[in-house]
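Letter by letter, the chains look like this.
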Amino acid sequence: MTDSSVACTVKSPVALELGEAITAASRPGVFVIDVTFPHGQAVNIQEISFKNYYTAFLMVRMQRKDPDKDGSTKWITCLQNHCLMPNPHTEECSQDYFSIYRQQMLTEPDDVTSVRLILRQPSSAWLNFSLEEIKIHLCANEDSERDVPAWFSNLTPVDQPPDLEGLPDPQTVSSSIQQMWALTEVMQTHQTAAPIGRFDVDGCYDVKLLSYT
């Protein structure tokens, strides 16, 4: 199977903290990871896959082209507080692989130019949390049928009967084979065990036949 993931740039996580600036003794409860596509490319997303690293909840926002305003974009929320760890204070699902499909999203992720992943971990048990191996998978190309090898299209469908025009009647062939088989059985049954010489007639050789050898 071919990889449907699109080339993208996954930026380093940026910590968000309300109030005072983050110090060495404090820990952020929210990280933001931005994913961008080269040359401002707009894509239709089928799936977002990643490996969790102690992230408890995930929000997905996407920057999408605005069809009502030519050339402009707007941010929309496609996934709200999606739970990755059943209990933020335990390690269950803390390093599992996840996939978020377009069917799970609040709006269709089409014409997307950028993806923003907002990570939350309310538990103070984990100093660091993030997402790893982030991949954006595209929707299947409608023209993918053109990539099918030419020989595949020449195969006869299962429900289509083969072309038998010009061939002998199967029933006639079957009857002839049965008659030949029966005749062979009769010949084998009446076959004599006496050897037959090449030139002998009634146990004697004909001089004329021998003269030609």
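Let us look at the structure shown here.

**Remarks on the overall build of the protein**
- When its secondary structure is counted, the protein shows 3 helices and 11 strands.
- Reading the helices (α) and strands (β) of the protein from amino to carboxyl end gives β-β-β-β-β-β-β-β-β-α-α-β-β-α.
- Here the protein displays about 15,600 Å² of accessible surface, and carbon together with sulfur accounts for 54% of that area.

**Focus: the environment of Asp66**
- Positionally, Asp66 belongs in the loop between β5 (57–65) and β6 (73–83).
- A sequence separation of 45 residues divides Asp66 from Asp111, and the C-alpha atoms of the two residues are 8.7 Å apart.
- With near-sequence residues (within four places) excluded, Asp66 lies in contact with Ser72, Thr73 and Lys74.

**Focus: unusual backbone geometry**
- Positive phi, close to 50°, is recorded for Asn81, a residue that is not glycine.
- Note on placement: Asn81 falls in strand β6.
- By relative accessible area, Asn81 is classed as partly exposed at 37%.
- Its identity as a non-glycine residue notwithstanding, Asp111 has a phi of 55°, on the positive side.
- Mapped onto the elements of the fold, Asp111 is located in the loop between β7 (97–101) and β8 (112–120).
- With a relative accessible area of 40%, Asp111 lands in the partly exposed category.

**Some points on the sheet that holds β7**
- The strand order across the open sheet built from 3 strands is β7-β4-β9, with neighbouring strands paired in antiparallel fashion. Strands with a single pairing partner mark the edges of an open sheet, and in this sheet they are β7 and β9 (130–138). Across this sheet, the average inter-strand angle for adjacent strands is 20°, counted without regard to direction.

**Description of the side chain of Asn52**
- Mapped onto the fold, Asn52 is located in strand β4 (residues 45–53).
- Within the local environment of Asn52, its side chain forms a polar contact with the backbone nitrogen of Thr55, the two atoms lying 3.0 Å apart.
- Look past the residues within four positions of Asn52 in its chain and what remains in contact with it is Leu84, Met85, Cys93, Ser94, Gln95, Asp96, Phe98, Ser130 and Leu131.

**Some remarks on the nonpolar core**
- Judged by nonpolar contacts, the single largest core of 30 residues is most densely connected at Ile48, Phe50, Met62, Val115, Leu117 and Leu131.
- Secondary-structure elements contributing two or more residues to this core are β3 (30–36), β4, β5, β6, β7, β8 and β9.
- Other than its neighbours up to four places away in sequence, Leu117 contacts Phe31, Val32, Ile33, Leu58, Met59, Val60, Leu131 and Ile134.

**Here we look at the side chain of Arg102**
- The topology assignment puts Arg102 in the loop between β7 and β8.
- In this structure the side chain of Arg102 is engaged in a polar contact, spanning 3.1 Å, whose partner is the side chain of Asp110.
- In this structure, Arg102 is in contact with Asn44, Ile45, Gln46, Glu108, Pro109, Asp110 and Cys139, ignoring residues within four places of it in sequence.

**A few points about the pattern of salt bridges**
- Counted under the stated rule, the structure contains 2 salt bridges.
- In this structure, Asp34 engages Arg116 in a salt bridge whose closest nitrogen and oxygen atoms are separated by 2.7 Å. With Asp34 in strand β3 and Arg116 in strand β8, this pair connects stretches of sequence that are 82 residues apart.
- The class of Arg116 is partly exposed, set by a relative accessible area of 29%.

**Points about the pairing of β3**
- Burial analysis of β3 places 5 of its 7 residues in the buried class, the great majority of the element.
- Note that strand β2 (residues 14–16) and β3 share 3 bridges and pair antiparallel. Bridged to Leu16 within β3 is Val30.

**Structural notes on the packing of aromatic side chains**
- Taken as a whole and judged by the stated rule, the model has 4 aromatic pairs.
- Summarising the aromatic geometry, the rings of Tyr53 and Tyr54 are spaced 4.9 Å apart at their centres and angled 90° between planes, so their arrangement reads as edge-to-face.
- Since its relative accessible area comes to 30%, Tyr53 is described here as partly exposed.
- Taken together, a centroid distance of 4.7 Å and an interplanar angle of 35° make the contact between Tyr54 and Trp126 tilted.

Definitions and limits used
- Residues numbered from 1 in each chain as written.
- Predicted model: local features only at pLDDT ≥ 70, side-chain atom pairs only at ≥ 80, totals over all residues.
- Heavy atoms only, no water.
- Helix = DSSP H or I, 4+ residues; strand = E, 2+ residues; numbered from the N terminus.
- Areas by Shrake-Rupley, 256 points an atom, 1.4 Å probe, with all protein chains shown as cover.
- Contact = heavy atoms within 4.5 Å.
- Buried < 20%, exposed > 50% of the residue type's maximum accessible area, 1.4 Å probe, protein only.
- Pairing = 2+ DSSP bridges.
- Axes fitted to C-alpha atoms, helices over the stretch in contact; angles between N-to-C directions.
- Polar contact = N/O pair within 3.5 Å; in protein donor to acceptor, adjacent residues only side chain to side chain.
- Core = buried A, V, L, I, M, F, W, Y, C linked by side-chain atoms within 4.5 Å.
- Salt bridge = Lys/Arg side-chain N within 4 Å of Asp/Glu carboxyl O.
- Phe/Tyr/Trp six-rings, centres within 6.5 Å; stacked < 30°, edge-to-face > 60°.

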